[in-house]
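Understanding the architecture of this molecule
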Amino acid sequence: MEENNLQCNSVVDGNFEEVPRETVIKFKPPLYRQRYQFVKNLVEQHEPKKVADLGCGDTSLLRLLKVNPCIEFLVGVDINEDKLRWRGDTLAPLMGDYLKPRDLNLTITLYHGSVVERDSRLLGFDLITCIELIEHLDSGDLARFPEVVFGYLSPSMIVISTPNSEFNPLFPSVTLRDSDHKFEWTRMEFQTWALYVANRYDYSVEFTGVGEPPAGAENVGYCTQIGIFRKNGGKAMESCVSEQHDQHVYKAVFTTSYPSLQQERFFKLVLVNEVSQQVESLRVSHLPRQKKQDGEWDDTPKDSQASSPCFGPVFTEVEKAKIENSPKPFCVGDKFFVPLQRLLAYPKLNRLCANEETMRSGIADSIPLSSDGSAVVADLRDYSDEQF
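Read on for a plain summary of the structure. Since the model is a prediction, treat every value here as computed from it, not as a measurement.

So, about the overall build of the protein. Along the protein, the regular secondary structure elements total 12 helices and 15 strands. Counting over 388 residues, the protein shows a buried share of 48%. Long-range contacts, defined as pairs at least 24 residues apart, comprise 69% of the intrachain contacts of the protein with a sequence gap of at least 6. Within the structure as shown, the protein displays about 19,900 Å² of accessible surface, and the carbon and sulfur contribution to it stands at 50%.

Reading across from one edge, β8-β9-β7-β6-β3-β4-β5-β10 is the order of the eight strands in this open sheet, with mixed pairing throughout. Across the chains shown, the open sheet's two edge strands, defined by having one partner strand only, are β8 (203–210) and β10 (251–258). Ignoring strand direction, the axes of neighbouring strands in this sheet form an average angle of 15 degrees. Pairing geometry for strand β7 (residues 157–163) and strand β9 (residues 224–231), over seven bridges, is antiparallel.

The computed volume of the largest pocket comes to approximately 940 Å³. Residue lining of the largest pocket: 35 residues in total, with G55, G57, I131, E132 and H136 positioned closest to the centre. Tallied by class, residues from the lining of the largest pocket come to 13 nonpolar, nine polar and 13 charged. Within this model, the second largest pocket holds a volume of roughly 420 Å³. Every element with two or more residues in the lining of the second largest pocket is listed here: α4 (95–99), α8 (264–286) and α11 (347–352). Among the elements that line the lining of the second largest pocket, the one with the most residues is α8, at five residues.

The rules we used
Residues numbered from 1 in each chain as written. Predicted model: local features only at pLDDT ≥ 70, side-chain atom pairs only at ≥ 80, totals over all residues. Heavy atoms only, no water. Helix = DSSP H or I, 4+ residues; strand = E, 2+ residues; numbered from the N terminus. Buried < 20%, exposed > 50% of the residue type's maximum accessible area, 1.4 Å probe, protein only. Contact = heavy atoms within 4.5 Å. Areas by Shrake-Rupley, 256 points an atom, 1.4 Å probe, with all protein chains shown as cover. Pairing = 2+ DSSP bridges. Axes fitted to C-alpha atoms, helices over the stretch in contact; angles between N-to-C directions. 1 Å grid on protein atoms, 1.4 Å probe; cavity = no way out; pocket = protein on both sides within 12 Å on 5 of 7 lines; lining within 4 Å. Points joined across faces, edges and corners; volume = space filled by probe spheres on them. Nonpolar A, V, L, I, M, F, W, Y, C, P; charged D, E, K, R; others polar.

These values are about where atoms sit, not about what they do.
Written out as structure tokens, the structure is:
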């Protein structure tokens, strides 16, 4: 956070307007990024599978969270349908997501609707975020908000951020930070509300924030105050899922699914590619001789493992030992055989396949196997070996 004694354009979150020549606070990173990073860090720490962002706006937080490997269901809800439709495509899978599929399935859905409406499709979530949301609610909606989010949806964890009005005097010419804000609370007001809600709906709550105050003004607290609510007992209310199903009030305006290794098609593509690369690496390292630059054969023996590009500092000593102790590749005539047990000793392939049968069934349609199915078979010499 910096202070600038400049004529500048406003103060918080990039909503700029001309202000007099006064000391202006500039956050680095910008305050909205600090809020999103706070949520991202929380997700990485607790690894929720199902996450919903209420009042998701331009879906910036969803785009940040979708790369997290633990999330399988990601939902955004907002009252602005046009914005959801406009930004939805930014959440769709890219070419890289197909080339390197996720480990777990991921479905992203955007719903048009009010956060004070009950929709059963948001039941059973691990985390619900409400970032700079509650200050946009009028008194009636603010009263209904806890009943819906804490009482009905009842997720394992809820994160709520809201402006800290005690920080506002540090900004030039600021009363409310946004013209749509219905209120902005002091720390005491927010904490009083949060503790009441937490006690009523059986949650615990802790308080923190982002946006450090400048030196000499530490008494005002963070620019954005945050409450982290955790359900006592730790789990979402599963009973709600069965008792109050099929309340579909929201309108789905966008949905997409990401390729993953849980999908057979992509699992086989990745497995065949990894096996092919490893077999080729072993085949090349197993060649008994190699042409020198003058075209003559070099009969210098090679250590197949030491020269293999797949065997290097990326492996731990334990992994190296496991590979060395596995069945070695061998030749029969002009055919090169790599036992599946050997392939399973390599960490990448071991992560993909729990056992030999899984590997065999995954590659059988694409890669030649020995008669008993225990090894991959390749030609020892490839046409390209003779070209140089």
